[in-house]
Amino acid sequence: MNKDRRDFIKKAGVIASSSAMLGAIGCDTGKNVNINKGDGKMKLTFQKYELKLKHVFTIAKNSRTTTPDMQVQIHYNGITGYGEAAMPPYYPENPDTATKFYQKLDLGQFNDPFQMETILDYVDNVEEGNHFAKASIDIALHDLVGKLMNQPWYKIWGYDKELAPETSFTIGIDKPDVVQEKTLEAAPYKVLKIKLGAGNDKDMIKNVRKIAPDKKLYVDVNGGWKDRQEALDMAHWLKDQNVIFIEQPMPKKQIDDIAWLTQYSPLPIVADESIHRIPDVLASKGVYSGINIKLMKCTGLREAKKMITLARAFDMKILMGCMTATSCSISAAAQLSPAIDWADLDGNLLISNDPYEGVKVVDGKLILPDAPGIGIHKL
Ligand code: MG
């Protein structure tokens, strides 16, 4: 983007921000929404939501029972596109930062939702960061435009939904009896993603194997290993346990160690914490053998699709992951899933208060709905 365009977009952001203070723009808190059908303008509404987790969820760095979340809607001529920002506490965004970001947006200036590149360029340039909030707008806009075309996005993009992969079901770090209970509960899933990195790695795998001796396993260390030789030894041990890949084995700063591990590891090494947006894919070339794309981190479907193209050009593997989230953002991500190698799109299965129905898991495989847009409807 050239400088003039950036300046224009920044100015547009300032104008939108001023308008927000006057209450003159098409966004509010979701209360007393008056959708003016047929006025040809887009309106944004949003509400805070709290995701309730079925189990206490533990990874290498923390535990929690809820996840803060924002639900957003873009209204246009009586049609509503739904979006979501799921905001786990270990990321810098939260519902308050998202609210401030939404209040700076003036979607009412656009009267053609099909101009997605222009609209999403504007959203991306209103303020730095705010990737999760930007993703929620991207998802809602895709849902809206897909509904206007009366087609799901996997069809618009030309994908074969039969190529959607199996999804893994995540087992967090926990006591042996809880790990075994969760593995039992995960019986319908053909692949399990096991969180490691808390010092009890082999016990975690052995406890899963007591219940599921033959299942494919993915492993996510969340940067929990520090020594590259120990990491390589574990990679060999995990290969013998029918593990398919290792995600973020060491902290993202240990680039040289990770590149060394990738060179010698018998299993693919997949970047997660190292990957946010397109430039991170470039930086991961030669360091990792695959990337984990998450809609919340990369600002949504538009950028995720571009990251897939770039990673394929580098002959890298592609995993799509998610936060604990509703079926809204999970079904959005699933629209891209026929184009990837591995899916870890179970975030909606980990919560007990999903307000939507969308993508399903049947025999462990993602089944994309034929509903238009991102394929969801409200329950
Ligand atoms: Mg991960």
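Participant: It is not clear to me how the pairing of strand S10 (residues 290-293) should be interpreted in this structure. Could you clarify?
Facilitator: Within a regular strand, the side chains alternate between the two sheet faces. Along S10, one buried face is formed by Gly-290 and Asn-292 and the opposite face, lined by Ile-291 and Ile-293, is buried too. Bridge count for strand S9 (residues 269-271) against S10 is 2 bridges, and the pairing is parallel. Across the sheet, the residue bridging to Ala-271 is Ile-291, located in S10. Since S9 and S10 lie parallel, the crossover through helix H10 (residues 278-284) that links them has a hand, and here it is right-handed. Direction of pairing for S10 relative to strand S11 (residues 317-320): parallel, over a ladder of 4 bridges. What sits directly across from Gly-290, in S11, is Lys-317.

Participant: Can you help me understand the coordination of the magnesium ion in this one?
Facilitator: Geometry sets the ideal angles at a metal, namely 109.5 degrees for four tetrahedral donors and 90 or 180 degrees for six octahedral donors. Summarising the metal site, the magnesium ion is bound by the protein donors Asp-220 (OD), Glu-247 (OE) and Asp-272 (OD), whose distances to it range over 2.1 to 2.2 Å. On the primary sequence, the residues serving as donors to the magnesium ion are separated as D-x26-E-x24-D. Residue Asp-220 is found in strand S7 (residues 216-220), and its partner Asp-272 is found in the loop between S9 and H10; the two are separated by 52 residues along the sequence. A residue is classified by how much of its surface remains accessible, and Asp-220, at 0% relative accessible area, is buried.

Participant: What exactly am I supposed to notice about the packing of aromatic side chains here?
Facilitator: Two aromatic rings are characterised by how far apart their centres lie and by the angle between their planes. Counted according to the given criterion, the structure contains 12 aromatic pairs. Where Trp-260 meets Tyr-264, the ring centres are 5.3 Å apart and the plane angle is 55 degrees; that geometry is what we call tilted. Remark: Tyr-264 and Trp-260 occur in helix H9 (residues 255-264); sequence separation between them is 4 residues, near one turn of the helix. For Trp-260, a relative accessible area of 18% puts it in the buried group. For Tyr-264, a relative accessible area of 44% gives the class partly exposed. A connected cluster of aromatic rings, assembled from ring pairs, spans Tyr-90, Tyr-91 and Phe-132. Between the NZ or CZ atom of Arg-228 and the centre of the ring of Trp-260, over which it lies, the distance is 4.3 Å. The side chain of Lys-285 reaches across the aromatic face of Phe-314, ending 5.4 Å from its centre.

So, how was this worked out
Residues numbered from 1 in each chain as written. Predicted model: local features only at pLDDT ≥ 70, side-chain atom pairs only at ≥ 80, totals over all residues. Heavy atoms only, no water. Buried < 20%, exposed > 50% of the residue type's maximum accessible area, 1.4 Å probe, protein only. Helix = DSSP H or I, 4+ residues; strand = E, 2+ residues; numbered from the N terminus. Pairing = 2+ DSSP bridges. Right-handed = clockwise from strand over helix to strand, strands pointing away. Donors = N, O, S within 2.8 Å, 3.2 Å for Na, K, Ca; no water. Phe/Tyr/Trp six-rings, centres within 6.5 Å; stacked < 30°, edge-to-face > 60°. Lys NZ or Arg CZ within 6 Å of the ring centre and 35° of its normal.

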